[in-house]
Number of protein chains: 2
Amino acid sequence: MFIYICKILLDNMGVSERKAKEKEELKSLILKAAQKLFLEKGIEQTSIRKIANEIEYSPGTVYFYYKDKNDILYDIHSQGFRKLSHELKVLFNVSDPMERIIALGRVYLNFAIENPDLYDLMFNMKAPMDFLNSIHQQDWNEGIGTFDVLKTTINQCMEKGYFKGHELEALSFSVWSLVHGIASLNISQRIRGVNLKEPEMMVMKSYEEFIMLLYKGKKIY
Amino acid sequence: MFIYICKILLDNMGVSERKAKEKEELKSLILKAAQKLFLEKGIEQTSIRKIANEIEYSPGTVYFYYKDKNDILYDIHSQGFRKLSHELKVLFNVSDPMERIIALGRVYLNFAIENPDLYDLMFNMKAPMDFLNSIHQQDWNEGIGTFDVLKTTINQCMEKGYFKGHELEALSFSVWSLVHGIASLNISQRIRGVNLKEPEMMVMKSYEEFIMLLYKGKKIY
DNA sequence: ATTTGTAAATGAACAATGTTCATTTACATT
DNA sequence: AATGTAAATGAACATTGTTCATTTACAAAT
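Heads up: these notes are all about the structure in this document. Note that this is a predicted model, so its numbers are computed, not measured.

**Some points on the overall build of chain A**
Step number 1: The helix and strand inventory of chain A stands at 10 helices and 0 strands.
Step number 2: Listing every helix and strand of chain A by position from the N terminus yields α-α-α-α-α-α-α-α-α-α.
Step number 3: A burial count over chain A gives 48% of its 221 residues as buried.
Step number 4: Accessible surface, chain A: about 11700 Å² in total, of which carbon and sulfur atoms supply 55%.

**Focus on the interface of chain A and chain B**
Step number 1: Across the boundary between the two partners, chain A contributes 53 residues, which contact 53 residues of chain B.
Step number 2: Overall, the association of chain A and chain B removes approximately 4900 Å² of surface from exposure, summing both partners, and the carbon and sulfur fraction of that is 58%.
Step number 3: Of all residues in chain A, the largest losses of buried area upon contact with chain B belong to Phe-173, Arg-190 and Leu-213 of chain A, amounting jointly to 15% of the total for that side.
Step number 4: One can count 2 salt bridges joining chain A with chain B.

**Side note on the side chain of Asn-124 of chain B**
Step number 1: The residue Asn-124 of chain B is located in the loop between α6 (116-123) and α7 (127-134) in this model.
Step number 2: The residues touching Asn-124 of chain B, leaving out its near neighbours within four places in the chain, are Asn-124, Ser-184, Ser-188 and Arg-190 of chain A together with Tyr-119, His-180 and Ser-184 of chain B.

**Examining the protein's contact with DNA strand C**
Step number 1: Among the 20 residues in the neighbourhood of DNA strand C, the closest are listed as Arg-49, Tyr-63 and Lys-69 of chain A together with Thr-61 and Tyr-65 of chain B.
Step number 2: Measuring from a phosphate oxygen of DNA strand C, one finds a backbone N or O atom of Ile-48 of chain A at 3.0 Å.
Step number 3: Between DNA strand C and Arg-49 of chain B there is a distance of 3.3 Å, counted from a base nitrogen to a side-chain nitrogen or oxygen.
Step number 4: Where the surface near DNA strand C is concerned, the elements lending two or more residues are α1 (2-41) and α2 (48-54) of chain A together with α1 (2-41) and α3 (59-65) of chain B.
Step number 5: Examining the composition of the surface near DNA strand C, we find that 4 residues originate from one element, α3 of chain B, more than from any other.
Step number 6: Broken down by class, the residue content of the surface near DNA strand C amounts to 7 nonpolar, 6 polar and 7 charged.

**Digging into the pattern of salt bridges**
Step number 1: Following the criterion strictly, the structure yields 16 salt bridges over all chains and no others.
Step number 2: A salt bridge links Lys-205 of chain A to Glu-198 of chain A; the shortest N-O distance between them is 3.3 Å.
Step number 3: Overall, Lys-205 of chain A belongs to the partly exposed group, its relative accessible area being 28%.
Step number 4: Between Asp-68 of chain B and Lys-67 of chain B there is a salt bridge, with the nearest N and O atoms lying 3.4 Å from each other.
Step number 5: In this structure Asp-68 of chain B comes out as partly exposed when scored by relative accessible area, which is 23%.
Step number 6: Each of Asp-148, Lys-151 and Glu-169 of chain A takes part in a single network of salt bridges with overlapping partners.

**A few points about the relation of the copies chain A and chain B**
Step number 1: Mapping chain A onto chain B leaves a residual RMSD of 0.0 Å; the transformation is a rotation of 180 degrees accompanied by 0.0 Å of translation along its axis. Taken together, the rotation angle and the small translation identify this as a two-fold axis.
Step number 2: The residues that chain A uses at the interface reappear at the interface of chain B in 100% of cases, marking a shared surface.

**Here we look at the packing of aromatic side chains**
Residues and elements named next belong to chain A.
Step number 1: Applying the stated rule across the entire model yields 27 aromatic pairs over all chains.
Step number 2: Seen in terms of ring centroids, Phe-173 and Trp-176 are 5.7 Å apart; in terms of plane orientation they differ by 90 degrees. Their pairing is edge-to-face. Of this pair, Phe-173 and Trp-176 both sit in helix α9 (residues 168-187), 3 residues apart, which is roughly one turn of that helix. Assigned by exposure class, Phe-173 and Trp-176 land together as buried.

**A few points about the nonpolar core**
Step number 1: Trp-176 of chain A together with Trp-176 of chain B are the most contacted members of the largest nonpolar core, which totals 140 residues.
Step number 2: In this structure, Trp-176 of chain B is in contact with Leu-185, Arg-190 and Val-194 of chain A together with Tyr-108, Phe-123, Trp-140, Phe-147 and Leu-150 of chain B, ignoring residues within four places of it in sequence.

**Some thoughts on the protein's contact with DNA strand D**
Step number 1: Surveying the vicinity of DNA strand D reveals 19 residues, the closest of which are Ser-58, Thr-61 and Tyr-65 of chain A together with Arg-49 and Lys-69 of chain B.
Step number 2: Backbone sugar and phosphate groups make up 60% of those atoms of DNA strand D lying within 4 Å of the protein.
Step number 3: In the environment of DNA strand D, a base nitrogen lies 3.3 Å from a nitrogen or oxygen atom belonging to the side chain of Arg-49 of chain A.
Step number 4: For DNA strand D, a phosphate oxygen lies 2.3 Å from a polar atom in the side chain of Tyr-65 of chain A.
Step number 5: Among the elements that make up the surface near DNA strand D, the one with the highest residue count is helix α3 (residues 59-65) of chain A (4 residues).

**So, the environment of Ile-144 of chain B**
Step number 1: Within the secondary structure, Ile-144 of chain B sits in helix α8 (residues 141-159).
Step number 2: Since its relative accessible area comes to 14%, Ile-144 of chain B is described here as buried.

**Here's the deal with the side chain of His-180 of chain B**
Step number 1: Structurally, His-180 of chain B is set in helix α9 (residues 168-187).
Step number 2: Those residues in contact with His-180 of chain B, other than ones at most four positions away along the chain, are Gly-181, Ser-184 and Leu-185 of chain A together with Tyr-108, Tyr-119, Phe-123 and Asn-124 of chain B.

**Observations regarding α6 of chain B**
Step number 1: The buried fraction of α6 of chain B is high, at 6 of 8 residues.
Step number 2: All of the buried residues in α6 of chain B are Leu-118, Tyr-119, Asp-120, Leu-121, Met-122 and Phe-123 of chain B.

**As for the packing of helix α4 (residues 69-89) of chain B against α6 of chain B**
Helix-helix packing is characterised by the crossing angle of the two axes and by the distance between the axes.
Residue and element names in this part refer to chain B.
Step number 1: One can describe the packing of α4 onto α6 by two numbers: an axis separation of 9 Å at closest approach and a directional angle of 110 degrees. When the interaxial angle is binned, α4 and α6 end up roughly perpendicular. Along the contact surface, α4 presents Leu-73, Ile-76, His-77, Gly-80, Phe-81 and Leu-84, while α6 presents Leu-118, Leu-121, Met-122 and Phe-123.
Step number 2: Considering only residue class, the contact of α4 with α6 consists of 8 nonpolar, 2 polar and no charged.

Reading guide: rules and limits
Residues numbered from 1 in each chain as written. Chains lettered and ligands numbered in written order. Predicted model: local features only at pLDDT ≥ 70, side-chain atom pairs only at ≥ 80, totals over all residues. Heavy atoms only, no water. Helix = DSSP H or I, 4+ residues; strand = E, 2+ residues; numbered from the N terminus. Buried < 20%, exposed > 50% of the residue type's maximum accessible area, 1.4 Å probe, protein only. Areas by Shrake-Rupley, 256 points an atom, 1.4 Å probe, with all protein chains shown as cover. Contact = heavy atoms within 4.5 Å. Buried area = accessible area lost by both parts, 1.4 Å probe. Salt bridge = Lys/Arg side-chain N within 4 Å of Asp/Glu carboxyl O. Near = heavy atom within 4 Å. Polar contact = N/O pair within 3.5 Å; in protein donor to acceptor, adjacent residues only side chain to side chain. Nonpolar A, V, L, I, M, F, W, Y, C, P; charged D, E, K, R; others polar. Least-squares fit on C-alpha atoms with pLDDT ≥ 70 in both. Phe/Tyr/Trp six-rings, centres within 6.5 Å; stacked < 30°, edge-to-face > 60°. Core = buried A, V, L, I, M, F, W, Y, C linked by side-chain atoms within 4.5 Å. Axes fitted to C-alpha atoms, helices over the stretch in contact; angles between N-to-C directions. Parallel < 35°, antiparallel > 145°, perpendicular 65-115°, else oblique.

Next comes the structure, spelled out in structure tokens:
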């Protein structure tokens, strides 16, 4: 009797586990299709119908796995953060915090240039934040994590005597704003229109200018 | 006979002038309705049908005065730049260029905070740039004009001995990027989610940090 | 006064969107 | 073989931007 019940339970577990796994698999299939369309054809070509078409399911099925379109976009956004944080992790090797913060900015800018649509989704579009609001989740953990990397590094700079008289959080936000501003103006095509001498160089050149400013705030022995 | 022809011509002029005026008037009526909807209800509530409804015309009529939706959005965007440049003009009174540049940033940030949707349209949304592309106009004159105000001021700072070793255009773009970054992260709700101590203060506090950095690049006598 | 020509306004129509939901299908459990 | 539930369907709804054949309005010409 006992064994019989165990068998049932185990069978049940086995089945429901498999089902859950299948469900996860289909969900990630939807996500992959969404990412493919998003990266290949851009945001406006990424409709629920086209995603469903891509994996040969009906539009309604998508809503069995995702609450709504914002839910899907949030998922793509999260994947983007995994990708970005993976690229940033390499910089743990750089021991000097001042060198590291400069490298961080460079990697960040490269990420934005290489993945403009994804960057836009991660840092500009309303969809991911609307999704968080809709599930009553106030914290944007992806953003918090990335911002912490920056804050930690700047804190280490301060401990080494840099940025005297500055406030950690506000300065960190300043640095983030600078690189985000460069990235955004580039992506939204506001650089191209402004009649610069070397538009394609401006992203990195303006970042160099900022680094110069940063270094002027260094410790004086 | 001559007088008769003149009469006709004069009459014609009078009529076509009046017609042209009426046409201008209806176009600006459409624009006003679009602005109203845009500012009151946001971008997603600003559809051509709702604009047409607002002024009690049919949807098709709108297309007689505007090429497409991007055309309307570009017009709203241009009005935004007139508003912004009007606010910036007050600062011609500030004689010290270093003080002026700091004030410029403050006014710019205030504008962004007070008119978030409009700012988004002016500096982030693709619509205005898509419109320029569609009419084969490469230069973004509204942006060029505003950027020139900044460049001129920074140039004056340099003439006074500030920012030694910096490059005018790149540094100007750096400053623009910083305030734009702060404004954008604020508008796209990326500040709120990042768990700051005083989120509502961060816009101005991080700007103060940047000003501190700027001042460290000042002339040393 | 009547016809004519053109500019302006209409609103139906099209294709596409996000989303919902009653219905059907598939399939493990009884 | 019957049952119950999870999963998948696809039609339907309300919107969107945009087009276009048709109608309306009205000044000009006869």
